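Here's the letter readout for the chains.
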Amino acid sequence: MASQGIRNGQSIQDMIAKSRNRKGKKFTEKLMPKLLFIAAFISVLTTIGIVFTLIFETFEFFQRVSITDYLFGTEWLPFSGSNPQYGILALIAGTIKVTMIAILVAVPIGLAAAIYLSEYASDKARRTIKPILEVLAGVPTIVYGFFALTFVTPILQQLIPSLKIFNALSPGVVVGIMIIPMIASLSEDAMSSVPNSIREGALALGATKFEVAIKVVLPAALSGIIASIVLAISRALGETMIVSLAGGAKPTFDFSVTESIQTMTAYIVQVSSGDAGYGTTIYYSIYAVGFTLFIFTLIMNLLAHYISKRFREEY
């Protein structure tokens, strides 16, 4: 066989090199699945460790504070020395107010931008506008926080004289601006993946370009659009620096957007900055609030996954 290889113009050294290359490829093929499994296992293990840490520390908190008072109480006064109150509804109200304002700002603008980029913009305009839009996602959130406090709030105070310097409206608007690129980019990707044959069929039936975008492409890409909105909501729920700087530190259970608020993440920042010692009830309250935020996000993601699956089956 070696003589046959030599007769075909192939040296023995070339045959040895090819044999070694085959052995190296086989070794790589055997090694890579194991390395990838280890990476995946580490990710899963880290997630499990975080969840169990939240559960154990939250359990310790509920050894000291009644779970009924925590879930249904409307006053959050952990630093009150004589009679501390741990009613999570006050922090939930602040979080929901900021998130709702952010979604009201981001969803219309983000979807409008996605429709333009997908259906109206030329290739050159799309290649120019989309990267510029996505630059907003790279701005540090602390910059957004000072932008909300020093620029947006004074403008809103001109329109709403009763607006306090710390309020829910200003951080809600700025958080909405921050998550616009997420909705616009992901929604545009979902709409661009809709086959052109669907657009051409609608145009052939006499539909206008706007009708094709709103009544054909938008419903066909609805699962991806819902996913982008859900990711944006999760981002708004977990935002920390903007609400800490511009929202204030006064948890209240009401529907006012002109007064100072405190969100769940802002409270965690406040306590983590050194206001509570290790092992105190206030310290363990961080984990209880974090676990509550985790449950909110988990339920929302599961619901969104179910909705996206239903729409994906229909279209």
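What you are looking at is a predicted structure, and each value in this text was computed from that prediction instead of being measured.

**Brief notes about the UniProt feature "transmembrane region" (unreviewed entry) in the chain**
Per the UniProt record, the feature "transmembrane region" (unreviewed entry) sits at residues 35-56, 86-114, 135-156, 168-191, 212-233 and 282-304. Annotation note: span residues 86-114, helix share 90%, strand share 3%, distance between end C-alpha atoms 42 Å.

**So, the packing of helix α4 (residues 89-120) against helix α9 (residues 209-220)**
Between α4 and α9, the shortest axis-to-axis distance is 11 Å and the interhelical angle comes to 110 degrees. One way to sum up the angle between α4 and α9 is to call them roughly perpendicular. The handedness of the crossing between α4 and α9 is right-handed. Of the residues in α9, those touching α4 at Ile115, Glu119 and Tyr120 are Lys209, Phe210, Ala213, Ile214, Val217 and Leu218.

**Structural notes on the nonpolar core**
Trp76, Ile88, Ile179, Met191 and Val289 are the most contacted members of the largest nonpolar core, which has 68 residues in total. Counting only elements with at least two residues in this core, the list comes to α4, α6 (141-159), α7 (169-192), α9, α10 (222-237), α11 (241-246), α12 (264-275) and α13 (281-314). For this core, the element with the most residues is α4, which contributes 12 residues. Setting aside residues up to four positions removed in sequence, methionine 191 forms contacts with Ala114, Ile115, Ser118, Glu119, Arg199, Val217, Leu218, Ala221 and Ile225.

**Remarks on the packing of helix α8 (residues 196-204) against α9**
The interhelical angle for the contact between α8 and α9, taken along N-to-C directions, is 125 degrees, at an axis separation of 10 Å. Of the possible angle classes, the one that applies to α8 and α9 is oblique. Every pair of crossing elements has a handedness; the one defined by α8 and α9 is right-handed. When α8 is examined against α9, the residues Ile198, Arg199, Ala202 and Leu203 are found in contact with a partner set consisting of Lys209, Val212, Val216 and Val217. Broken down by class, the residue content of the contact of α8 with α9 amounts to 6 nonpolar, no polar and 2 charged.

**Let's talk about the packing of aromatic side chains**
Enumeration over the complete set of coordinates arrives at 13 aromatic pairs. Judged by centre distance (6.3 Å) and plane angle (65 degrees), the rings of tyrosine 70 and tryptophan 76 are edge-to-face. This pair shows no difference in class: tyrosine 70 is buried, exactly as tryptophan 76 is. Here the aromatic rings of tryptophan 76 and tyrosine 86 are separated by 5.5 Å at their centres, their planes lie at 90 degrees, and the arrangement is edge-to-face. Of this pair, tryptophan 76 sits in strand β1 (residues 76-77) while tyrosine 86 is found in strand β2 (residues 85-86), placing the two residues 10 residues apart along the sequence. Neither tryptophan 76 nor tyrosine 86 differs from the other in exposure class; each is buried. Counting every residue linked through ring pairs, the aromatic cluster contains Phe61, Phe62, Tyr70, Trp76, Tyr86 and Tyr267.

**Considering the pattern of salt bridges**
Applying the stated rule across the entire model yields 9 salt bridges. Close ionic contact of arginine 64 with glutamate 60 constitutes a salt bridge, the shortest N to O distance being 3.4 Å. Placement of both arginine 64 and glutamate 60 in helix α2 (residues 12-64) is noted, with a separation of 4 residues, approximately one turn of the helix. The class of arginine 64 is partly exposed, set by a relative accessible area of 40%. A salt bridge links aspartate 189 to lysine 130, with the shortest nitrogen-to-oxygen separation between them at 2.7 Å. Placement of the pair is aspartate 189 in helix α7 and lysine 130 in helix α5 (residues 123-135), with a sequence separation of 59 residues.

**What to know about the side chain of lysine 130**
Judged by its relative accessible area of 15%, lysine 130 is buried. Separated by 2.7 Å, the side chains of lysine 130 and aspartate 189 make a polar contact. In this structure lysine 130 touches Leu117, Ser185, Glu188 and Asp189, once residues within four positions along its chain are discounted.

**Quick notes on α4**
Taking 1.5 Å as the rise per residue, α4 with 32 residues should run 46 Å; its terminal C-alpha atoms sit 45 Å apart, in good agreement. A bend of about 25 degrees at alanine 106 is the largest found in α4, and the proline proline 108 appears one to four places after it.

**Examining α10**
Here α10 contains 16 residues, and its C-alpha end-to-end distance of 22 Å stays within 8% of the 22 Å for a straight helix at 1.5 Å per residue. Every buried residue belonging to α10 is among Ser223, Ile225, Ile226, Ser228, Ile229, Val230, Ala232, Ile233, Ser234, Ala236 and Leu237, and all of these are buried.

**Considerations on the side chain of threonine 258**
Looking at the element boundaries, threonine 258 is found in the loop between α11 and α12. A polar contact of 3.2 Å, which involves the side chain of threonine 258, links it to the side chain of serine 256. Not counting residues within four places of it along the chain, the set of residues in contact with threonine 258 comprises Ile160, Ser162, Leu163, Lys164, Phe166 and Asn167.

Rules and cut-offs
- Residues numbered from 1 in each chain as written.
- Predicted model: local features only at pLDDT ≥ 70, side-chain atom pairs only at ≥ 80, totals over all residues.
- Heavy atoms only, no water.
- UniProt positions renumbered as here; feature names shortened; annotations may be inferred.
- Helix = DSSP H or I, 4+ residues; strand = E, 2+ residues; numbered from the N terminus.
- Axes fitted to C-alpha atoms, helices over the stretch in contact; angles between N-to-C directions.
- Parallel < 35°, antiparallel > 145°, perpendicular 65-115°, else oblique.
- Left-handed = near helix turned anticlockwise from the far one by under 90°.
- Contact = heavy atoms within 4.5 Å.
- Core = buried A, V, L, I, M, F, W, Y, C linked by side-chain atoms within 4.5 Å.
- Buried < 20%, exposed > 50% of the residue type's maximum accessible area, 1.4 Å probe, protein only.
- Nonpolar A, V, L, I, M, F, W, Y, C, P; charged D, E, K, R; others polar.
- Phe/Tyr/Trp six-rings, centres within 6.5 Å; stacked < 30°, edge-to-face > 60°.
- Salt bridge = Lys/Arg side-chain N within 4 Å of Asp/Glu carboxyl O.
- Polar contact = N/O pair within 3.5 Å; in protein donor to acceptor, adjacent residues only side chain to side chain.
- Expected span 1.5 Å × (residues − 1).
- Bend = angle between axes of the 7 residues up to and from the residue.

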